[in-house]
Amino acid sequence: MNLCSPRVLAAGLVLLLAGLARANPVQVDIPYKEFTLPNGLRVIVHEDRKAPIVAVNVWYHVGAKNEPAGKTGFAHLFEHLMFQGSENWDGEYFAPFELVGATDMNGTTNADRTNYFQNVPTTALDMALWMESDRMGHFLGAIDQDLLDEQRGVVQNEKRQGENRPYGLMWQRLFEHSYPATHPYHHTTIGSMEDLEAASTEDVKRWFRTWYGPNNAVLVLAGDIDVETARAKVTRYFGHIPAGPTMAQPETMIAKRSESTRATMEDRVPQVRIVRAWNVPQFGHEDTERLQLLAQVLGGSKASRLDKRLVHQDKVADRVATFVFGQEIGGMFIVFADVKEGVDPTTVEKLFDEEVQRLIADGPTQKELDQARTVLEAGFVRGVERIGGFGGKADVLAECAVYLDDPGCYRDGLKAITEAGVADLRAVAQRWLASGGHTLLVVPGEKSAAEIAHEESAKKIESAASASADEGTDEPLPAADPKFRTVKSGVDRSQGPPMPEQYPELRFPELQRGRLSNGVPLVLAERHEIPVVQMSLEFGGGYAADTGRRLGTASFTMNMLDEGAGEYGALEFADRMESLGAQIGAGASLDGGNASVSALKERLDASVALFADVVRRPRFEDKEIERVRQSWIAGIKQEKAQPQGLAFRLLPPLMYGDGHAYAIPFSGTGTEASIAALTREDLVGFHRDYVRPDNATLIVVGDTTMGEIVPVLEKHFADWKAPDSPQPEIQVGKVELPGEQRVFLVDQPGAIQANILVGQVVPSSMDPKALEFELANSVLGGEFSSRLNMNLRENKHWAYGAYSFVSGAKGQRPWIGFAPVQIDKTVESLAELQREIGEYASGKVPASDAEIDKIQATEVRGLPGQYETAGAVLGAIGGIIRYQRPDDYVVQRQRRIEAMDDAAVRAAARVLQPKALTWVVVGDLSKIEQPVREAMAGKATVKVIDASGAEVTPAPVDAAAPERGEGGSD
């Protein structure tokens, strides 16, 4: 389950629209037209011509709540199966979409629905509709035992990956305690290992016949499309598909609790987490919309009550958050707090309770209510930029249609929020939050016996799948609904999907150049679709500037810029920013830092004034430094507790070596010791040296012009002058590759997965052949259908995913591959990764013409959809600035890819040196250390290191004790 699901986002959109209506700064809507085919398929069309792409989004009204007893996890398993081809498409479902450059493509399952979505170039719409209709109407013949076994293994590894993380079982335990055993929301979407193993091919076919008919689906087409074109195309591809049964959905089951309960679970976590949840009304209920506002007031931001009390005032928590999880038949209001190390959790709970009770008794103030509306208003304005993807406009329309039979249901939410006053919110809090909460404490320790039994249960059922392969259910299949009918289709499906012969041209805004009177270069790209202006001041420096300083100085300093600036302390700053509907922040990356603002156009001047304070006048108050320091150190411990986070901390220093500017954890957070030693003078010094006009370029993207924006910028930045001290030079040295492979093992006792990372330094992003290497990497591990993922996920199903990437860097950049694999396949997975990389890089199994053609097609044809948002444009310009590229680099890059010779890609693959790779493996060493040592004997040096990267000296062996393995301890 993903708590950032479209449901959460869409429920928020209702609120955001409400803020719009109340303040009335802009008029934003999602206009649509709809029709229904004779077979019951409901089609909703939203026209948006800003980019030559169409979002295709199919929602089936079936999710985890519809699973019968003994079939938990089945809806999600079936979603995976639907990506494995169909009767007329024999192969991975992603393949043709990669060839046309689809973006934002995926599928998700939650308790109430399963959806499949992709954005495609306008000319590829026929292909997308052919593919979606083929799996809706022609899937049964493609189902077999091998397919089921393959995706069952993938899902089980997805489950292991989630549970292997700290707090990974938290949500499962929360739902089990919050809902009675008979409630459809009692279990999580991922389900149990036992039920997944027991699924049979007959179960799969029955699920398809029951739930995947066109009359149980909604198709949304949004973007470069009109309703008449949509009607013709959808009828052609979907009209012939017979309807299925009309299935009843469970009635509303809020399961409001009268008694408050609590539970405690142990987990391998770095700090106590307190979670409290109340069962509240369902999606679309007017109280749910008002609870969203209460969530924002209570714990939705830095300016919220819990943040002010627990994080700032009493300093007993490192992080708090509050949100409403709006589901179809009942929702949850959830609050959590991460307790600061050394603080008694009961103290935090007491303060937590005081704030909740105060909100229940008095409700919010008018100022808090107005500010919450402004935050949500601004969020909606930014959100409606996207037509598709996870939580875009297509999702909003589909959700409203599926759950409330009204694609425009967000307008009802608008009315509820517009009319809500302080008294209404107080009444809602008293109605739903005054009693019946469930509190879950997740405390550091070993996992409890129940958790261990849960994780180990899969071992007891390894043969269950084969034993149940032919077992089904004796219950009669529901009959198809006779009121629906089909229409004839002229599509010859034996010819495969219709691939386009032409593709839309790339549209990238022209870059306008200027310079402020103080010398700061200005780059503007106009985007007038929404009334928002985004800016980013780009600075040289970044993590590499930590050289000679305490590790983490760059990132810590940049993140402190908005913790009080100008006349505003930290909390006053947060209040002021939210009142403007602005988003202001700062941060660092490997070679640079930036400060950014996203401002509503009508409040641009005031937002830029606040932004200028952040850049020019950060306060760096000692009390705020100390507060952030403690939370920062807690964050480092959280990184170390996450197996993949720990591996990414350890691998770069091992790749680059002591003393190198890049030999740092790539999170940029530094170490506990270095952050503990930071002083205010360190921050002031870094700010003076790097956050200065002679080290800056200002990028502006959005609803403005040079004539409009320059006077605003001059007003707030013209007198910003560079200090007299020279800007420090950063030396990024050259790294020589090691002479042999190295394997570093890190112990994670009790882990049910091993996280394998492999890395090597490769030439800079500014290298003339950097693009060739990027394409070579894409063949190996950069795409879903690339070699590493197809091997370990799809063929072996030992991992939920296996990929590789190359990060941007001005010096030699890092190439990294990663695969979280089931613990009992660690050695085999290492061997497969070594073989795949070795055969590819050596030229033994070079990139084929088809593989290179596919990557070229994906890269080039995906460009029209890649720059749909202003944020994407701003990011591209940032790369142009940082790596000193020409203004038309995006167009030049397209042309280079189109003209690239296959031999150049194959040659670039040889940059990887299999004998010089560095490996980090995080897992339970009691299970994997000896097998890895044996497998790597004569191939690589193997060392054990701790979470800080220090080598662990083996304990002395007792001569009287038997050697490992003799007593059956393995």
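The shown structure was predicted, so the numbers you read here are calculated from the model rather than taken from an experiment. (Residues numbered from 1 in each chain as written. Predicted model: local features only at pLDDT ≥ 70, side-chain atom pairs only at ≥ 80, totals over all residues. Heavy atoms only, no water.)

From N to C terminus, the protein includes 35 helices and 23 strands. In terms of overall dimensions, the protein is globule-like: its C-alpha atoms have a radius of gyration of 28 Å, near the 30 Å expected for 970 residues. Overall, the C-alpha framework of the protein stretches about 80 × 75 × 65 Å when taken along its three principal axes. Among the 970 residues that make up the protein, the fraction classed as buried is 62%. Within the protein, residue pairs in contact and separated by at least 24 positions form 83% of the contacts whose partners lie at least 6 positions apart. On the protein, the mean spot of the 102 positive side-chain charges and the mean spot of the 137 negative ones are 3 Å from each other. (Helix = DSSP H or I, 4+ residues; strand = E, 2+ residues; numbered from the N terminus. Rg over C-alpha atoms; globule rule 2.2 N^0.38 Å. Buried < 20%, exposed > 50% of the residue type's maximum accessible area, 1.4 Å probe, protein only. Contact = heavy atoms within 4.5 Å. Lys, Arg positive; Asp, Glu negative; His and termini not counted. Charge placed at Lys NZ, Arg CZ, Asp CG, Glu CD.)

A word on the side chain of Asn777. Checked against the element boundaries, Asn777 lands in helix α27 (residues 770-782). Asn777 sits in the buried class, given a relative accessible area of 6%. A polar atom in the side chain of Asn777 sits 2.8 Å from the side chain of Trp815. If we ignore the near neighbours within four places in the chain, the residues touching Asn777 are Gly782, Ser804, Phe805, Val806 and Trp815. (Polar contact = N/O pair within 3.5 Å; in protein donor to acceptor, adjacent residues only side chain to side chain.)

The next thing to look at is the pairing of strand β19 (residues 753-762). Most of β19 sits inside the fold, with ten of its ten residues counted as buried. Burial along β19 is two-sided: the face carrying Gln753, Asn755, Leu757, Gly759 and Val761 and the face carrying Ala754, Ile756, Val758, Gln760 and Val762 are both buried. Summarising the sheet, β19 and strand β21 (residues 813-822) pair through ten bridges and their orientation is antiparallel. Residue Gln760 lies in a different strand from β21, and its bridge partner there is Trp815. Relative to strand β22 (residues 918-923), β19 is paired through five bridges, and the arrangement is antiparallel. (Pairing = 2+ DSSP bridges.)

Before going further, it helps to spend a moment on the pattern of salt bridges. The full count for this structure, using the stated rule, is 69 salt bridges. Of the charged contacts, one joins Asp613 and Arg617 as a salt bridge, the two residues approaching to 2.8 Å between their closest N and O atoms. For Arg617, a relative accessible area of 37% translates into the label partly exposed. Where Arg835 meets Glu839, a salt bridge forms, and the shortest distance between an N and an O atom there is 3.1 Å. Of this pair, Arg835 and Glu839 both sit in helix α29 (residues 826-842), four residues apart, which is roughly one turn of the helix. Taking the relative accessible area as the measure of exposure, Arg835 reaches 33% and is therefore partly exposed. According to the relative accessible area criterion, Glu839 is buried, its value standing at 18%. Residues joined in a network through salt bridges with shared partners are Arg309, Asp314, Lys350, Glu354, Glu355 and Arg358. (Salt bridge = Lys/Arg side-chain N within 4 Å of Asp/Glu carboxyl O.)

Here the focus is the packing of helix α19 (residues 553-560) against helix α25 (residues 680-690). Packing of α19 against α25 brings their axes to within 9 Å, and their N-to-C directions diverge by 85°. Classified by the angle between their axes, α19 and α25 sit roughly perpendicular to one another. On α25, the residues touching Thr553, Ala554, Phe556, Thr557, Met558 and Met560 of α19 are Asp682, Leu683, Phe686 and His687. Residues of the contact of α19 with α25, tallied by class, amount to six nonpolar, three polar and one charged. (Axes fitted to C-alpha atoms, helices over the stretch in contact; angles between N-to-C directions. Parallel < 35°, antiparallel > 145°, perpendicular 65-115°, else oblique. Nonpolar A, V, L, I, M, F, W, Y, C, P; charged D, E, K, R; others polar.)

Below, the discussion takes up the packing of aromatic side chains. For the structure on display, the rule yields 32 aromatic pairs. Ring geometry for Phe83 against Tyr93: centres 5.8 Å apart, planes inclined by 85°, an arrangement best described as edge-to-face. Of this pair, Phe83 sits in the loop between α2 (74-81) and α3 (94-100) while Tyr93 sits in the loop between α2 and α3, and the two are ten residues apart along the sequence. Considered together, Phe83 and Tyr93 belong to a single accessibility category, that of buried residues. Taking the centre distance of 6.3 Å and the plane angle of 40° together, the rings of Tyr803 and Phe818 count as tilted. Residue Tyr803 is found in strand β20 (residues 803-806), and its partner Phe818 is found in strand β21; the two are separated by 15 residues along the sequence. Three or more aromatic residues joined by ring pairs form one cluster here, namely Tyr60, Phe78, Phe83, Tyr93, Phe94, Phe97, Tyr116, Phe139, Phe208, Tyr212 and Phe784. Seen from the ring of Trp798, Lys796 lies directly overhead, with NZ or CZ sitting 5.9 Å from the centre. Cation over ring: Arg885 sits above Tyr889, and NZ or CZ is 4.4 Å from the ring centre. (Phe/Tyr/Trp six-rings, centres within 6.5 Å; stacked < 30°, edge-to-face > 60°. Lys NZ or Arg CZ within 6 Å of the ring centre and 35° of its normal.)

So, about the nonpolar core. One finds Met535, Leu537 and Phe717 to be the most contacted residues of the largest nonpolar core, which totals 79 residues. Sequence-distant contacts of Met535, defined by excluding residues within four places in its chain, comprise Ala595, Ser596, Val597, Leu604, Val608, Leu698, Ile699, Val700, Ile709, Leu713 and Leu874. In terms of nonpolar packing, the next biggest core, distinct from the first, is built from 58 residues, Phe97, Leu148, Val155 and Leu221 among them. (Core = buried A, V, L, I, M, F, W, Y, C linked by side-chain atoms within 4.5 Å.)

Time to look at the state of the cysteines. Tallying each qualifying case throughout the model produces one disulfide. Cys400 shares a disulfide with Cys409; S-S distance 2.0 Å. Between Cys400 and Cys409 the sulfur-sulfur dihedral comes to about -65°; the bridge is accordingly left-handed. Each member of the pair, Cys400 as well as Cys409, is classed as buried. (Disulfide = S-S within 2.5 Å.)

A few words on the environment of Gly862. With respect to the secondary-structure elements, Gly862 resides in the loop between α30 (849-861) and α31 (863-866). A sequence separation of 741 residues divides Gly862 from Pro121, and the C-alpha atoms of the two residues are 7.5 Å apart. When near neighbours in sequence (up to four residues on either side) are disregarded, Gly862 contacts Gly101, Thr103 and Ala857.

What follows is about helix α9 (residues 227-238). Between its first and last C-alpha, α9 extends 15 Å over twelve residues, near the 16 Å set by a 1.5 Å rise per residue. Among the residues of α9, those classed as buried are Val227, Ala230, Val234, Tyr237 and Phe238. All buried residues of α9 lie within an arc of 105° about the axis, which places them on one face of the element. Away from the buried face of α9 by more than 90 degrees, exposed residues Glu228 and Ala232 are located. Where α9 is buried, its residues meet β1 (33-36), β2 (42-47), α4 (125-137) and β6 (217-223). For α9, the capping residue at the N-terminal end is Asp226, with a side-chain oxygen 3.2 Å from the backbone nitrogen of Glu228. (Expected span 1.5 Å × (residues − 1). Arc of directions from axis to C-beta.)

What follows covers the sheet that holds strand β7 (residues 261-267). In spatial order, the strands read β7-β11-β8-β10-β9; together these five strands make up an open sheet with mixed pairing. Each edge of the open sheet carries a strand with a single partner, namely β7 and β9 (317-325). Strand after strand, the sheet turns through a mean of 15° between neighbouring axes, direction not considered. With five bridges joining them, strand β8 (residues 273-280) and strand β11 (residues 438-444) adopt antiparallel strand pairing. Note that in β11 the partner of Val275 across the bridge is Leu440.

A few words now on the pairing of strand β18 (residues 741-747). Both faces of the sheet carry side chains from a regular strand, because those side chains alternate between them. Buried residues dominate β18, accounting for six of its seven residues. Both β18 and strand β23 (residues 940-945) contribute to a ladder of six bridges, which runs parallel. Across the sheet, Leu745 pairs through a bridge with Val944, a residue of β23. In this structure, β18 lies alongside β22, joined through six bridges in parallel fashion. Opposite Val743, over in β22, you have Trp919 as the bridge partner.

Attention now moves to the sheet that holds β19. The sheet built from six strands is open, its strands ordered β20-β21-β19-β22-β18-β23 with mixed pairing. Both outer strands of the open sheet, β20 and β23, are each paired with one neighbouring strand and no more. Strand-to-strand twist of the sheet, defined as the mean angle between neighbouring strand axes without regard to direction, takes the value 20°. The strands touched by helix α5 (residues 145-163) within the sheet are β19 and β21, with β21 carrying the most contacts at an inclination of about 110°. Lying on the sheet, helix α35 (residues 925-936) is in contact with β18, β22 and β23; it crosses β18 at an angle near 170°.

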